[in-house]
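Inside the fold
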Amino acid sequence: MDITERQKKVLYCIVQEYVNTKEPVSSKRVLESASLGRSGATVRNDMSRLMRAGYIYQPHTSAGRVPTDKGLRFYVNELKKIREEIKSKSTHVETAANFPIGDMEKVLSGAAKLLSSSTKGMVIIEKPSPLNLRIKRIVVTPVSKSFSIVNIITTLGLSSSIPIQHAEFDDTENIENMLNKVMTGLTLNEFRSKLKDILSRMNNLNNLNSFSEFDFGSLNRGFLEITERLSIESYEDYITEGLPNLLSNERINLKKLQNILSYISGEVFYKELFEMENDIFIGKEHGLRFLDDFSVIIGSFYSEEHPVGRVAVVFDKYSRYDHIIDSFEFMINRLTEYFTVVSRNI
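Residues numbered from 1 in each chain as written. Predicted model: local features only at pLDDT ≥ 70, side-chain atom pairs only at ≥ 80, totals over all residues. Heavy atoms only, no water.

1. So, the pairing of strand E9 (residues 294–303)
Here is the key point about a regular strand: its side chains alternate between the two faces of the sheet. A large share of E9 lies buried, amounting to 9 of its 10 residues. Two strands pair when backbone bridges link them, and strand E8 (residues 279–281) and E9 are joined in this way by 3 bridges, in the antiparallel orientation. Among the inter-strand pairings, Asp279 is bridged to a residue of E9, identified as Ile298. Two elements, E9 and strand E10 (residues 306–316), share 10 bridges in a ladder whose sense is antiparallel. Among the inter-strand pairings, Ile298 is bridged to a residue of E10, identified as Ala312. Connecting E9 to the next strand, E10, in antiparallel fashion are 2 residues, including Glu304 with a positive phi near 55°. (Buried < 20%, exposed > 50% of the residue type's maximum accessible area, 1.4 Å probe, protein only. Helix = DSSP H or I, 4+ residues; strand = E, 2+ residues; numbered from the N terminus. Pairing = 2+ DSSP bridges.)

What follows is the structure, encoded as structure tokens:
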């Protein structure tokens, strides 16, 4: 059922009023909030048509109207149109940001806490996978003549430390240079699959005689251990913040809260969430079990033009979508700036 431009204005007003007040919206309130130039009877007729079309519903007789998921979808689509128009007319000025090269875990945890606080939702950040990042440098730090720490530094500044026991030697610098010559530019995934070949090539290098005492068996075992540890998929692949924001929702009964908690505590939730495309999904649109009272916004952050991770926010479907989108885009942009700057500086 098609609706007129005036009815679209009425619907937009109803949704906006409801997300601001969480109270059913009356025809009187619509007349007060929107410049329609029409009578109360006309607005009530428009509201009746919107109800028949499935955009709004009436909780009980004589109550105001509440938007359905279909009504919320209309509202979000209109918001996106307005935002795109504003973007097309604005002049973008690129500014350089000075980011400290710090602990990635702390950066992502801080971003999750800030976004959760701003959106009053649950934030899930997918960490960049170390296995897909290219090795920038290998650093060998001797602890004793027979024990060293090898650090693998990747494109995003992720560093993995491997303790290696070996025969006594003094020429750490040359060994470090040899490791960098063979390994720089590979991903950890590539390194893992080519490890035996790499060690064989190192043994065939002309100047390897000076390193004959080095225990490449220990090196082999050490790198296998760290790459296998990095490749294990677990809940540590994600940072989650703000679960209490979902559980405190007044519209959700105890049984549903229990179901929600059980669902989002399991591995299936993360898999189903990050199988979704980057977009905004309202209520039942996302298909996540027990979460039809919530909406989801999901998007990627980048290093240069390469996607390195994704962010999702699960929030009350009757939230202020303009504020949610602003907060989400701000954080996505900041994370992209951070990882781009770090990538350039490493």
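2. Notes on the environment of Thr187
One can find Thr187 in the loop between helix H6 (172–183) and helix H7 (188–193). The class for Thr187 is buried, based on a relative accessible area of 7%. Taking the C-alpha atoms as reference points, Thr187 and Leu133, 54 residues apart in sequence, are found 5.2 Å from one another.

3. Some words on helix H11 (residues 254–264)
Listed in full, the buried residues belonging to H11 are Lys256, Leu257, Ile260, Tyr263 and Ile264. Buried residues along H11 cover an arc of 130° about the axis, so they all sit on one side. When the buried face of H11 is taken as reference, the exposed residues oriented beyond 90 degrees from it are Leu254, Lys255 and Ser262. As for H11, its buried residues are in contact with strand E3 (122–126), helix H10 (243–247), helix H12 (267–273) and E9. The N-cap of H11, judged by a side-chain oxygen 3.3 Å from the amide nitrogen of Lys255 a few residues on, is Asn253. (Arc of directions from axis to C-beta. Contact = heavy atoms within 4.5 Å. Polar contact = N/O pair within 3.5 Å; in protein donor to acceptor, adjacent residues only side chain to side chain.)

4. Concerning the side chain of Ser116
Along the chain, the position of Ser116 falls in helix H5 (residues 104–119). Here Gly121 takes part through its backbone oxygen, which lies 2.9 Å from a polar atom of the side chain of Ser116. Non-local contacts of Ser116, meaning those with residues more than four positions away in its chain, are made with Gly121, Val123, Glu241, Gly242 and Asn245.

5. Section: the pairing of E10
Of all 11 residues in E10, 9 are buried, a share of seventy percent or more. Relative to E10, E3 runs antiparallel, the two sharing 4 bridges. Residue pairing in the sheet places Ile124 in a bridge with Ala312 of E10.

6. As for the nonpolar core
Counting 53 residues, the largest nonpolar core has Ile125, Phe301, Val311, Tyr321 and Phe339 as its most contacted members. Within the residue set of this core, elements represented by two or more residues are helix H1 (5–21), helix H3 (40–52), helix H4 (69–89), H5, E3, E9, E10 and helix H13 (321–345). Per-element accounting of this core gives the leading share, 10 residues, to H13. Ranked by size, the runner-up nonpolar core spans 21 residues in total, among them Ile124, Ile252, Phe294 and Ala312. (Core = buried A, V, L, I, M, F, W, Y, C linked by side-chain atoms within 4.5 Å.)

7. A look at the sheet that holds E8
One open sheet accounts for 5 strands, arranged E7-E3-E10-E9-E8; its pairing is antiparallel. Each having just a single partner strand, strand E7 (238–241) and E8 make up the two edges of the open sheet. Strand-to-strand twist across the sheet, computed as the mean angle between neighbouring axes with direction ignored, equals 15°. Where H5 meets the sheet, its contacts fall on E3, E7, E9 and E10, and the angle it forms with E7 comes to roughly 35°. (Axes fitted to C-alpha atoms, helices over the stretch in contact; angles between N-to-C directions.)

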